[in-house]
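Here is how the chains run, residue by residue.
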Amino acid sequence: MRDRRKSIFSVMLAATLVATVAPPSKASATSLGEERFQPSVTYDLSVTDAERDAIHAEVEALAGRVNSARAGDGTYNPLTLVGAMLDGSNYDSISRGGTAATAYPFPVSNTPANQNEYDRKVAKLAWVVKLATDLGFPVVVQRQPDKYVYAEIGDPDAPEMIMALSHLDSPTSSVSAAQLARWRDADGNLGTPGAYHSPYLQDGWVYGAGIQDDSGPTLATLLAAKALLEAGLPLDRRIRIVMGIYEDGGPGTPTAANTAAFQSIPYNANPSFYDNWAYKNLNREEMPIAAYTSDSRFPVIVGNSGSVTPAVSMSLAADSTKAFRLTAATAGVTLREGDPTLKDIAYGSTTQIASRAIFTLDVTGASSAERNRFVSAITAAATTKGWLPDAPRTTPKVQTTITGDSLTLEINTDVAMEMPTPQYGKNAVVWGMFLLSKGLGELGSTTADLQLKKAADGIADLFFRGGVEGEAYIGKYMGIPANLLRNPNNGTPNLTLALMANINSETPTSFYTEASGNLSMPMYVRSMHLNAADSGQATAAITEAFQGKGFTIGNLGSPIGAGLYVTHDNPLTALQYKSYQATIDHSPQEFADPHSLRDVVYPQGTTGGTLASNFRNKMTAFGAVIPGNERWWHTANERMKVDSAVQMTKMMADGMLEMARYTGPAGAKFMWADMPGLNADRADLDLLDVTIGTYKDASGAVGANQLGNRALLGATSFNIPMWNGRGNSAPTAAAFALGHEPGGVYLPLTDPEFQSSTYVAPMRLEFKVERPGHMSDAAWAKFVAGGYGGFQFNILVGGQVVPLAVPAGQSADKFFSSRISATNPNAIYLSVNLAITDAPYSGVQAKLADSKTDLYKVNPTYLASNPDPFPGRGATEQRGFFQFGDGQKNAEFSSPDAVYVTAANAVTDAKPSAVVKKLKGNTNELTITVKQTRIDGSESAVTRTFTINNNAAGTYTVGDYKVYVDTKGNTQVRSISIV
């Protein structure tokens, strides 16, 4: 049902500040009994346990679990998560490249070389439109047949929108000639033509191209929104699911000049991703207040990391004549009983950590007793860690075999892990070194001077101290100062250290050369440090730590983060991180794998880039890989567990609902307005640094002197810098820190247009009003209907109250509006139109202007010879604005001390009570008290005493009230009511 709009009245009694800065916490967290690190930017969740139960129940109802299935076999419901994943992967949406045309509508080329890319993409998008429509989404939009589709839920009049934007395609890397030979069809046959887009479900896994990157997760976001639609829970913002189809190997993005020949885009610079270009530039779609892409990892990815790959080496040549000397060491991908495709994960990227390791030792000269003690020590250590005994029908995690004078130690962790998240553990080389350290240590003087023992002890101490991996992989035991291990705001590891992480073949890779005695392991170091000074201090400590253990290590330099999607203190990160934790904490048994890693999982950086790169400070990556799960991408036999898909959908639904609720007292819709002498070209959310934490609670600024006898219903303050250009890049932390200075992210104060213009930000500022706990149903209904008298918006400037009054003869509906939420009968929203200029304050002026909220605008030259393809977009209407300067010209839009709304503090509830006191003779004293509760919750009482003869029954006037008293006998009150 479409939410209703009503005439202006005022409300909003409470606001919750969710982004808070807490005192610094202790610097690290481990499983060794130390206090866990706590980020300083925190978030108070609004989603309750009962709401989470309702969401998760809806996701389960939409899951569509089946034991086995093949795409199109009729055994599953296509309007479920599993059904959509199977049907979606049934389309060949591999992005094979080609080019985009240089003129509107910029169709993608359709050639034999790209296997008719246009036709293939059009077919899948048409299927997505039908899927979203059949699922019952009230809004489904597609501008061009070969480009993105979006679906939306929520009140269409809500001023703000949150978004999930991901991609439905897959890369060519998974369908190279070598990869095609590895794909297995549902019957297990290798190399079957079309196997990659003939998806199937088997043994709890869904197989098919795009299942994990990123068609499957994109469809999970759609089903998560469907679950919220079905649950009907209160939300303040609209939720939009955008599904693109050209993330990997897409067509070349048309130039800015090509785009501008059709679309008028001030301050244009092209995004780096085709889908982002189509959404942001070509069609000038609405910008979200906050967003995520599902194309990476949970709990939340905040940016791209920098990197360096030194080799960690040690010469074992001195062991050449000794017992238990190393003769070979190799690393690869773990083995799994009954899963011949697991090895294919190695071909997806070069980011696999060793999940299998094989150490071969020469035990010539070692006695039978020494050999047995060595094996027994390894077995005991593996048993203590839970790696032994073997689970039925699984590949053993630890095996030792002796053949003649050769002893082999093989480790299989059972989970293939990836380089960007070494802190989640399961590094087979580290496990092996830990076991070698235990085994060699049991032999005492026999191996005391063995270089292999020195290497094993060193690796075990640096990465497995106390038998725990975890934060060892962020450098915890390497002498790095505690304050440099994690970002203090959100806990992002400044460094991750992935030893032996270049696994890209099913054939194990050697990291020991017997002829030279050289042990050498590549270590992939990813950095999110803010600056070179901090990075240099940390990497110097790492170098010293390895050298102290007898290793040599390559040059680490001072790598820093390559770029941030959002600033480290952005409350969006805290929201998503806390929501992720709440989801897995809500049902630890259901989320057993991620819950087991909870203490080492924090926001982090990632390799490469994501669609979030082009939505500066408004988008993160949230999903799809859950900590502890395998990451299948860019490879044959791509897949995802059904359980993981359902878990992911619940995480996304919980996070979406949290994002879709106001995090303060207000929200705002920015718009363009034709205001003489003012430049509104930067009144676009993409050109303004607005986040979910922008609108602060300012109720403390409005004192009793400003209120008089009125109730404060809501107050906010805000400060909004202008970006130096559209949000099409991921700036470094240093660029954020520079602000308006040269090289900074904000508009330079030396910009010629800035100096020659007075910018204005027209906006509809909306306050959320929640029903007070003391207000009865009848009182709330009267309040909603505006039955308690007038309401007033004001601004507070330097302690002075300035009412925002509509000029005589003009309609209040042009300046004010309100809406009632269809999903929340206990909340209403009211708005005032403001036009804040980047100029000194000189009073408030009420002005009418033609304005628009849809910033779509076609180039007039194009329209001169072509019809407008979307004539309904970009329409203007006359609105009223209260215009005032924000105090100074500084390329920022700032509120005054407060913008707030009040109401006459009317009585909303009156409860009478009476006492009869017997006097002399036949007279009695009747005392009637009416207790009054006002809008702001304050209480007062009106009392009147009457002297009566005999029976006290009757109607009495007490203040403004007529009170009827019924008695039993002369002195006992039976009932009392206001009439």
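Fair warning: this is a prediction, and the values are worked out from it, not measured in the lab. (Residues numbered from 1 in each chain as written. Predicted model: local features only at pLDDT ≥ 70, side-chain atom pairs only at ≥ 80, totals over all residues. Heavy atoms only, no water.)

Describe the packing of aromatic side chains, with residues and values.
Counted according to the given criterion, the structure contains 38 aromatic pairs. With a centroid separation of 4.8 Å and an interplanar angle of 70 degrees, the aromatic rings of Tyr-246 and Tyr-274 are classed as edge-to-face. On the criterion of sequence distance, the pair formed by Tyr-246 in the loop between β12 (238–244) and α6 (256–262) and Tyr-274 in helix α7 (residues 274–282) is long-range, its members being 28 residues apart. The burial state of Tyr-246 is the same as that of Tyr-274; both residues are buried. Between Phe-793 and Phe-816 the ring centres are 5.5 Å apart and the planes differ by 10 degrees, which places this aromatic pair in the stacked class. On the criterion of sequence distance, the pair formed by Phe-793 in strand β38 (residues 791–797) and Phe-816 in strand β40 (residues 816–820) is long-range, its members being 23 residues apart. For Phe-793, a relative accessible area of 2% translates into the label buried. Look at Phe-816 and you get buried, because its relative accessible area is 9%. (Phe/Tyr/Trp six-rings, centres within 6.5 Å; stacked < 30°, edge-to-face > 60°. Helix = DSSP H or I, 4+ residues; strand = E, 2+ residues; numbered from the N terminus. Buried < 20%, exposed > 50% of the residue type's maximum accessible area, 1.4 Å probe, protein only.)

Just give me the short version of the nonpolar core, but keep the residues and values in it.
If you look at the biggest cluster of nonpolar residues, it comprises 157 residues, and the most contacted ones within it are Phe-670, Leu-765 and Leu-834. The element contributing the most residues to this core is helix α14 (residues 642–659), with 10 residues. Setting aside residues no more than four positions away along its own chain, Leu-765 makes contact with Ala-666, Gly-667, Ala-668, Tyr-695, Thr-716, Phe-718, Leu-830, Ser-831, Val-832, Leu-834 and Val-899. Formed by 80 residues, the second largest nonpolar core is a distinct cluster that contains Ala-329, Val-333, Ile-480 and Leu-519. (Core = buried A, V, L, I, M, F, W, Y, C linked by side-chain atoms within 4.5 Å. Contact = heavy atoms within 4.5 Å.)

Let's hear about the sheet that holds strand β35 (residues 710–717): which residues, and what values?
With antiparallel pairing, five strands are arranged side by side in an open sheet as β34-β35-β45-β38-β39. Edge positions in the sheet fall to β34 (696–697) and β39 (800–803), since each of these pairs with one other strand and no more. As paired strands, β38 and β39 are joined by four bridges and run antiparallel to one another. Residue pairing across strands places Ile-795 opposite Val-802, the latter belonging to β39. (Pairing = 2+ DSSP bridges.)

Describe the sheet that holds strand β21 (residues 406–412), and please don't skip the residues or the numbers.
Neighbouring strands of a sheet are bound in pairs by backbone hydrogen bonds; such pairs are parallel or else antiparallel. Reading across from one edge, β20-β21-β19-β18-β23 is the order of the five strands in this open sheet, with antiparallel pairing throughout. What marks the edges here is a single partner per strand, and that holds for β20 (398–403) and β23 (509–510). Here strand β18 (residues 325–332) runs beside β23; their pairing, made up of two bridges, is antiparallel. Opposite Thr-330, over in β23, you have Ser-510 as the bridge partner.

Before we move on, can you summarise α14 with the specific residues and values?
Every α-helix carries 3.6 residues per turn, so stepping three or four residues along brings you back to the same face. Relative to the 26 Å expected for 18 residues at 1.5 Å per residue, α14 spans 26 Å between its end C-alpha atoms, a close match to the ideal helical length. A large share of α14 lies buried, amounting to 17 of its 18 residues. (Expected span 1.5 Å × (residues − 1).)

Outline the pattern of salt bridges, supporting the account with residue identities and numerical values.
Opposite charge on two side chains permits them to pair, given that their charged atoms come into close proximity. For the structure on display, the rule yields 54 salt bridges. A salt bridge links Arg-873 to Asp-854; the nearest nitrogen and oxygen atoms lie 3.0 Å apart. Of the two residues, Arg-873 sits in the loop between α19 (860–863) and β43 (877–885) while Asp-854 sits in the loop between β42 (845–852) and α19, which places them 19 residues apart along the sequence. The class of Asp-854 is partly exposed, set by a relative accessible area of 23%. Taken together, the shared-partner salt bridges in this structure form one network comprising Glu-60, Arg-65, Glu-590, Asp-643 and Lys-650. (Salt bridge = Lys/Arg side-chain N within 4 Å of Asp/Glu carboxyl O.)

Tell me about α7, and name the residues and values.
With respect to burial, α7 is a largely interior element, nine of its nine residues being buried. Those residues of α7 lying buried are Tyr-274, Asp-275, Asn-276, Trp-277, Ala-278, Tyr-279, Lys-280, Asn-281 and Leu-282. In this structure, the buried residues of α7 make contact with β8 (161–167), β12 and α6. Positioned one or two residues after α7, Arg-284 has a phi angle of 45 degrees, which is positive.

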